[in-house]
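The residues making up each chain are set out below.
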2 protein chains.
Amino acid sequence: MKRKLALGLDYGTESARALLVDVATGKEAGSAVALFPGGVMDQHLPDGTALEPETALQDPQDYLNVLSTIVPEAVRAGNANAEEIIGIGIDFTASTVLPTLTDGTPLCSLPKFAGEPYAWVKLWKDHAAQPEADEMNALAASGNESFLARYGGKISSEWLFPKALRMLHKAPQVYREADRFIEAGDWLVWQLCGAERRSACQAGYKGMWGKTDGFPTPSFLEALHPDFKDFVSEKLTTDIYSLGEAAGGLLPEWAEKTGLLPDTPVAIALIDAHAAVLGSSVADAGKMVLALGTSTCHLVMHPENIPAQGIAGIVEDGIVPDFIACESGQSAVGDIFQWFMRHFVSAEHEAKAKAAGGDVFSYFEQKAAALPPGANGLLALDWWNGNRSPLMDAGLSGVIIGLTLATKPEDIYRALIEATAFGTLMIIENHTAQGIPVDALYVCGGLAEKNELLLQIYADVTGRSLRIAASSQAAALGAAIAGSVAAGTHRGGHASFTEAAASMARVKDTIFEPDSSRHAIYQHIYAEYKRLFSTFGKEMPDMMKRLRAIRSEQ
Amino acid sequence: MKRKLALGLDYGTESARALLVDVATGKEAGSAVALFPGGVMDQHLPDGTALEPETALQDPQDYLNVLSTIVPEAVRAGNANAEEIIGIGIDFTASTVLPTLTDGTPLCSLPKFAGEPYAWVKLWKDHAAQPEADEMNALAASGNESFLARYGGKISSEWLFPKALRMLHKAPQVYREADRFIEAGDWLVWQLCGAERRSACQAGYKGMWGKTDGFPTPSFLEALHPDFKDFVSEKLTTDIYSLGEAAGGLLPEWAEKTGLLPDTPVAIALIDAHAAVLGSSVADAGKMVLALGTSTCHLVMHPENIPAQGIAGIVEDGIVPDFIACESGQSAVGDIFQWFMRHFVSAEHEAKAKAAGGDVFSYFEQKAAALPPGANGLLALDWWNGNRSPLMDAGLSGVIIGLTLATKPEDIYRALIEATAFGTLMIIENHTAQGIPVDALYVCGGLAEKNELLLQIYADVTGRSLRIAASSQAAALGAAIAGSVAAGTHRGGHASFTEAAASMARVKDTIFEPDSSRHAIYQHIYAEYKRLFSTFGKEMPDMMKRLRAIRSEQ
């Protein structure tokens, strides 16, 4: 039997990866990765134009340029040929957006806009549109806009509409000349197959679009700015496509550049974290996938649409058709551990770690693992970068209580891990209390690969078994799964995500099971965490904001 | 005119110091110091007997042995002769107590008790009597004992009565054979001049004695243990002497061993921190002396006796006759900074500190000094070793809030210093709110010598000018002042502490004045500190205790 492969293209913040996967077995045949040559621009444009604070831009040409290297490399690495490749899937960071002409030409590629920051791709982590997000939240809350309920009551400065409104405020001439304003993932699909086919995943999570309600109304947008009224009809589109559909076939010019066959089906784009759900073998309800990295994204599906509080996004057909997909998040996880290791490891411990042949992470993991739950006497709130879910409050900050003269660095390191586990349990309970079950945990991402102590603590704290995605490239694998579904059965692909995920994705053999005695102790500590959470998050949330305000004044 | 000198003998935890001071000018003529040869015993006795946890013992013979070296050395260093030395003062740690026979022979010097821990000197920092202190506090509170009001509502395991009761519980045979149970400072005075003359300072602060009420009653003591009923009449004495009086004259045998003249007046003993008040030039009301070290002791005098809450000790004539002396404390100050520097200085910063030619303290002092108030965005509660004043709650613990990914080590170091300053302001305000003015601050002790950033922060936070004791040996100077008053005017000494302190003690020329703009910012942050203090100290003080309880179970 001839091998059938799907190609997953995974676009991260710094690099893109191509992964070829056998659609029958999930075997990863070959892969290749390339950094974006232009990197992330946060200080100035290529021509030297200085950028405002909180800005993060990219050159869309980089997204195209890497394809002619990573695709052929992955094919070579997999000893594959073009005939074996039946479909292409793409996942991308979001909301990473750009303005283009009607034909998809990025405005930044026009010489007259080369020195105009708002003509370039605005990356997901560009937070300059916070004032616009604040304005939208205030207006929406006063008008009881229906979309707020789907986003836990608040939208983020990272999303498409605040970024578009800021463009209108700061660069009206760019706004005027932008025929389209589009997610980079959708734009890439458009480039490859010649059709603008916007994804329900990107529109639903980052574009305030709902399957039933559509986009925000012209009257809402007009109230923000008169020229913003017809933004949706002029620069977006109300044709939104579910995942699994094919956006079209690969254009001949791209077939030539990549070595693939013309007309190879290209799937509707996914958001990277959502692709990782499929790549973690999850395509049904009750299984929460944690994409563990510098921050954590929590995704769980449910068969019915339920209004729920404190969930950052609830999108019908957001990942798998006929399921709502709920997204929550912790805005700093790995970042907190990095912060600690970067600044607070003494020369003595650094030398010991080196002598033991490992890095400081594995050194402190070992020391912290030797402590029973509660032995550190500490409790932390994991808000080093605010609280995304369930409070959606970026103005909160981190807390440690219980410090004594006997507190050791490993006590603090363990408390930081525990704090992120408690934060995850708060998110889980926010779902279960509103009727969305979370029966088991699945993890993927960098931290899932390398920190066994963290995984065991998450199992012990949540009282749930925890499985690890077998693939270290879960997002790319998820993209390949989408490619196999876009190919369809007639090309040897799959009929559904459920079928594709079952065939192509798996978890590791080792399952982290909660230990009942440790879970019992953690239940006591978690009760204190909830009190602390409530004290600083609900009863006196302004204390942290006042400290931030005083800091900003200095 | 012939020079008149007073000898101050300062007994600390690890060593004793002799200081000769010109009573007219305060010039420090000569000094010498010696470690106690036997050190602090916290693991086993000299014969190998193992000690229970929290124990800290000492050999009283060491107190005597050092005298024959440090006194002659100080005399030599000062080119002095015995005729010039008109009086001797002694300060000592407290409550540091020992059981003796009627003639003052320590029980531990009897061969039959050499292996009996309770026969040795129990140092102030021996905390084994915590159960006895708890029992006394509970009984006193239920019976509304009058002494509780003088100690902020709670007595400490460090004090004389809990230590005596524990001896009765744990070593009843030692208790029975102890004719006297006495502060080491009073015992040393007794050895030198042959008269048991107990000090109002030691009895008042550490012996639950009040000038009006006397000691706790036999009925109270009997309720603790039948054999404890007559403890006061059997093993203490109700003859208590004010500071400034002479206990007697130096015995011929000690004159010979030290090279001093027989009959040189020996003053009633002081507690070390209280001697430092005089040594900081303070002998009247409204000036709070902070003895800054691993912990901080706060002492301020007031002309009227006022019942007050949250003050660890209020003693009539406690330092200077006709003034009440109020003592408060912060149980960890320098210890917190040591904790931070010991565990959390990265190799990079350690190397930079070395390259800059200083230690990590001065390196971080410089970095933290570059930050304006509030720029760290942090707020800490300085409870690493509980809160001594005003809450008297050893079960509390340290807190840091406001942590972000941008938080740097110097931000934390500054926050720790600020937290101890806020803790001092809480103590100050606890006095002023109850009618005891605190107009200016005087500091002495190790931290006062070496941390200018801390001194400026204390001035800025409290809004009060801050003066530094000119002597780096403020306690020994205070003891010499007491010696000069014990000598009296007829020997060329002083008539009063006020006169003696004015002549013999001074402050440095540099005064740290509060900066009004920094003080204004700190007022905002202090308002948050008070909220945080109230949250963890009063509204939910049990959270920290539950965390400690969970820790103890592990």
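**Focus on the sheet that holds strand β16 (residues 313-316) of chain B**
Residue and element names in this part refer to chain B.
So, point 1. Ordered in space as β16-β17-β15-β14-β20-β21, the 6 strands form an open sheet in which the pairing is mixed. Every interior strand has two partners, whereas the edge strands, β16 and β21 (466-468), have only one. This sheet shows a mean twist of 25° between the axes of neighbouring strands, independent of strand direction.
So, point 2. The pairing of strand β14 (residues 287-292) with strand β15 (residues 296-302) spans 4 bridges and is antiparallel. Bridged to L292 within β15 is T296.

**Side note on the packing of helix α3 (residues 130-143) of chain A against helix α5 (residues 160-170) of chain A**
Residues and elements named next belong to chain A.
So, point 1. One way to put it is that α3 packs onto α5 with a least axis distance of 8 Å and a crossing angle of 115°. By the angle class used here, α3 and α5 are roughly perpendicular. Taken as a pair, α3 and α5 cross one another with a handedness that is right-handed. Contacts from P131, E132, A133, E135 and M136 of α3 reach α5 at F161, P162, L165, R166 and H169.

**Some remarks on the interface of chain B and chain A**
So, point 1. Between chain B and chain A, the contact holds 54 residues from the first and 54 residues from the second.
So, point 2. Surface buried jointly by chain B and chain A totals about 4,400 Å² across both partners, of which 67% is contributed by carbon and sulfur atoms.
So, point 3. Contact with chain A buries surface across chain B, with B:L403, B:L405 and B:L547 losing the most and accounting together for 15% of the total.
So, point 4. On the surface where chain B and chain A come into contact, there are 4 salt bridges.
So, point 5. One salt bridge connects B:E528 with A:R546, and the closest N-O pair in it is separated by 2.3 Å.
So, point 6. The interface formed by chain B and chain A holds 17 residue pairs in polar contact (both at pLDDT 80 or more) in total.
So, point 7. Looking at the side of chain B that touches chain A element by element, the count peaks at 8 residues for helix α21 (residues 516-539) of chain B.
So, point 8. Classifying every residue of the side of chain B that touches chain A gives 30 nonpolar, 14 polar and 10 charged.
So, point 9. Inspection of the sheet shows strand β19 (residues 398-403) of chain A paired to strand β19 (residues 398-403) of chain B by 5 bridges, in the antiparallel sense. Following the sheet pairing, A:I401 is matched in β19(B) by B:V399.

**Digging into the domain arrangement of chain A**
Residue and element names in this part refer to chain A.
So, point 1. Each domain of chain A was delimited in the assignment, giving domain 1 (5-281 + 475-508) and domain 2 (333-422 + 443-464 + 515-553).
So, point 2. Distance between the C-alpha centres of domain 1 and domain 2: 33 Å.
So, point 3. Taken together, the contacts link 6 residues of domain 1 with 6 residues of domain 2.
So, point 4. Of all residues in domain 1, K154, S280 and K508 bury the most surface against domain 2, accounting for 63% of the area lost on that side.
So, point 5. The interface formed by domain 1 and domain 2 holds 1 salt bridge in total.
So, point 6. E449 is the partner of K508 in a salt bridge, and the nearest nitrogen-oxygen pair spans 3.9 Å.
So, point 7. For the interface between domain 1 and domain 2, the tally reads 1 residue pair in polar contact (both at pLDDT 80 or more).

**So, the side chain of B:T13**
All names here are of chain B.
So, point 1. Take T13: it is sitting in the loop between β1 (5-11) and β2 (15-22).
So, point 2. Take T13: its relative accessible area is 17%, and that puts it in the buried class.
So, point 3. In this structure the side chain of T13 is engaged in a polar contact, spanning 3.0 Å, whose partner is the side chain of W124.
So, point 4. With sequence-adjacent residues up to four places away left out, T13 is seen in contact with F36, V40, Q58, T93, L123, W124 and K125.

**Some details on the pattern of salt bridges**
So, point 1. Per the stated rule, a full pass over the model turns up 39 salt bridges over all chains.
So, point 2. For the salt bridge of B:E348 with A:R342, the shortest nitrogen-to-oxygen distance reads 3.4 Å. Note that B:E348 is positioned in helix α14 (residues 347-355) and A:R342 in helix α13 (residues 334-344), a pairing that runs across two chains.
So, point 3. Judged by its relative accessible area of 35%, B:E348 falls in the partly exposed class.

**Brief notes about the packing of aromatic side chains**
Residue and element names in this part refer to chain A.
So, point 1. Taken as a whole and judged by the stated rule, the model has 55 aromatic pairs over all chains.
So, point 2. Relative to Y529, the ring of F422 lies with its centre 5.2 Å away and its plane at 40°, an arrangement referred to as tilted. Here the residue F422 occupies a position in helix α16 (residues 409-432), and Y529 occupies one in helix α21 (residues 516-539), the gap between them amounting to 107 residues. Both residues of the pair, F422 and Y529, belong to the buried class.

Rules and cut-offs
- Residues numbered from 1 in each chain as written.
- Chains lettered and ligands numbered in written order.
- Predicted model: local features only at pLDDT ≥ 70, side-chain atom pairs only at ≥ 80, totals over all residues.
- Heavy atoms only, no water.
- Pairing = 2+ DSSP bridges.
- Helix = DSSP H or I, 4+ residues; strand = E, 2+ residues; numbered from the N terminus.
- Axes fitted to C-alpha atoms, helices over the stretch in contact; angles between N-to-C directions.
- Parallel < 35°, antiparallel > 145°, perpendicular 65-115°, else oblique.
- Left-handed = near helix turned anticlockwise from the far one by under 90°.
- Contact = heavy atoms within 4.5 Å.
- Buried area = accessible area lost by both parts, 1.4 Å probe.
- Salt bridge = Lys/Arg side-chain N within 4 Å of Asp/Glu carboxyl O.
- Polar contact = N/O pair within 3.5 Å; in protein donor to acceptor, adjacent residues only side chain to side chain.
- Nonpolar A, V, L, I, M, F, W, Y, C, P; charged D, E, K, R; others polar.
- Domains from an automatic or database assignment.
- Buried < 20%, exposed > 50% of the residue type's maximum accessible area, 1.4 Å probe, protein only.
- Phe/Tyr/Trp six-rings, centres within 6.5 Å; stacked < 30°, edge-to-face > 60°.

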